[in-house]
Amino acid sequence: MALAPEEIQRYKRHLLLHDIGGQGQAKLKQARVLVVGAGGLGSPVLLYLAAAGVGTLGIIDDDRVSLDNLQRQVVHTTANVGRPKVDSAREALAALNPHVVVETYETRLDASNAAEIISRYDIVADGSDNFTTRFLVSDACYFARRTLVHAAVGPFDGYLTTLKPFADGADGKPLPSYRCLFPEAPPPGTVANCSEVGVLGSVVGVIGTLQATEVIKEITGFGASLAGRLLLYDAKDTRFETVRVGWDPDNPLTGEHPTIFDLSAYAEPRPAVPAGTD
């Protein structure tokens, strides 16, 4: 995919990089990336992927911009408080890079739409803030055979990994899935969210920027993938640590005896229909 003269000028710092160059920039232009959530993590992911020249960015979020989120959700501005996040983010990305196509979904990702939406993209970056959505995104990406770059944050810390459980590692075993890290979601109420305990906004920026970098690496093919590794960041001690993560043969999605074969477990129960009606 050829670059226009204005794009060559815009991306010339990338074009100078041996590991990206013209071919890598063309791959970025051709890529389609879905970002789940236009909040704290989604903000730097979207901004840096748009700036990098990713050709098509999908944004899914059903929330609206609020004043108490602007401390970390830097893709939005004060003037956009009360507006849908997807609309606010789309305008910011258009102002940053008009060469990027932005596709928005003002809805919540659920069992009824996850498979269809995710299948439209090459790579998914998950910036969701709850375990139900994280498990749904992970399972849907596995069934669609889409690479997932997953991240999450705490008040002063965060972690990041790339998930390709549909592929095998160097040892011939499947690469780990999200369920190899977390076999099941913690009971409701046991893990506080940022609205309850707070979060340092710049920590979200650090993790989100790293997440964008891993997406770019997966698209262009340079460097070592984070698949099979978990990157941990502790802001208080300014410490990064990388740990190996292996495939769990007992996990219910990709284990030796799987029990999850579709997304039906995420479907909300339908209300009973009284007899004699349709």
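Further up the page is the structure itself.
Let me begin by describing the structure that accompanies this report. Note that the structure is a prediction, hence the values are computed from the model and not measured.

Once that is clear, we can look at the overall build of the protein. Regarding its fold elements, the protein presents 10 helices and 8 strands. Taken against the 2.2 N^0.38 rule, which gives 19 Å for 278 residues, the C-alpha radius of gyration of the protein at 19 Å falls within 12% of a compact globule. Projected onto its principal axes, the C-alpha coordinates of the protein cover approximately 65 × 50 × 45 Å. A burial count over the protein gives 47% of its 278 residues as buried. Of the contacts made within the protein by residues no fewer than 6 positions apart, 65% connect residues no fewer than 24 positions apart. By element, 53% of the accessible surface of the protein is carried by carbon and sulfur atoms, the whole surface being about 13,900 Å². Computing the positive centroid from 25 side-chain charges and the negative centroid from 33, the protein places the two 7 Å apart.

Taken together, the 8 strands give an open sheet; going across it, the order is β3-β2-β1-β4-β5-β6-β7-β8, and neighbouring strands pair in mixed fashion. Edge positions in the sheet fall to β3 (101-105) and β8 (239-244), since each has one partner strand and no second. Between one strand axis and the next, the sheet turns by 15 degrees as a mean value, whatever way the strands run. As judged from the 5 bridges shared by strand β6 (residues 157-163) and strand β7 (residues 229-234), these two strands associate in the antiparallel manner. Residue G158 lies in a different strand from β7, and its bridge partner there is Y233. Contacting β1 (32-36), β4 (123-126), β5 (147-153) and β6, helix α7 (residues 131-144) runs over the sheet at an angle of about 165 degrees to β5.

A separate point is the side chain of N251. Tracing the backbone through its elements, the reader meets N251 in the segment after β8. There is a polar contact of 2.8 Å between the side chain of N251 and the backbone nitrogen of T254. With near-sequence residues (within four places) excluded, N251 lies in contact with S177, R179 and C180.

This paragraph deals with the pattern of salt bridges. All chains considered together, the criterion is met by 13 salt bridges. In this structure, K85 and D63 form a salt bridge, with 3.4 Å as the shortest nitrogen-oxygen distance. You can see K85 sitting in helix α5 (residues 85-96) and its partner D63 sitting in the loop between β2 (56-60) and α5, a full 22 residues away along the chain. Among the salt bridges present, the one from D234 reaches R239, with a minimum N-O distance of 3.4 Å. What makes R239 partly exposed here is its relative accessible area of 41%.

Rules of the game
Residues numbered from 1 in each chain as written. Predicted model: local features only at pLDDT ≥ 70, side-chain atom pairs only at ≥ 80, totals over all residues. Heavy atoms only, no water. Helix = DSSP H or I, 4+ residues; strand = E, 2+ residues; numbered from the N terminus. Rg over C-alpha atoms; globule rule 2.2 N^0.38 Å. Buried < 20%, exposed > 50% of the residue type's maximum accessible area, 1.4 Å probe, protein only. Contact = heavy atoms within 4.5 Å. Areas by Shrake-Rupley, 256 points an atom, 1.4 Å probe, with all protein chains shown as cover. Lys, Arg positive; Asp, Glu negative; His and termini not counted. Charge placed at Lys NZ, Arg CZ, Asp CG, Glu CD. Pairing = 2+ DSSP bridges. Axes fitted to C-alpha atoms, helices over the stretch in contact; angles between N-to-C directions. Polar contact = N/O pair within 3.5 Å; in protein donor to acceptor, adjacent residues only side chain to side chain. Salt bridge = Lys/Arg side-chain N within 4 Å of Asp/Glu carboxyl O.

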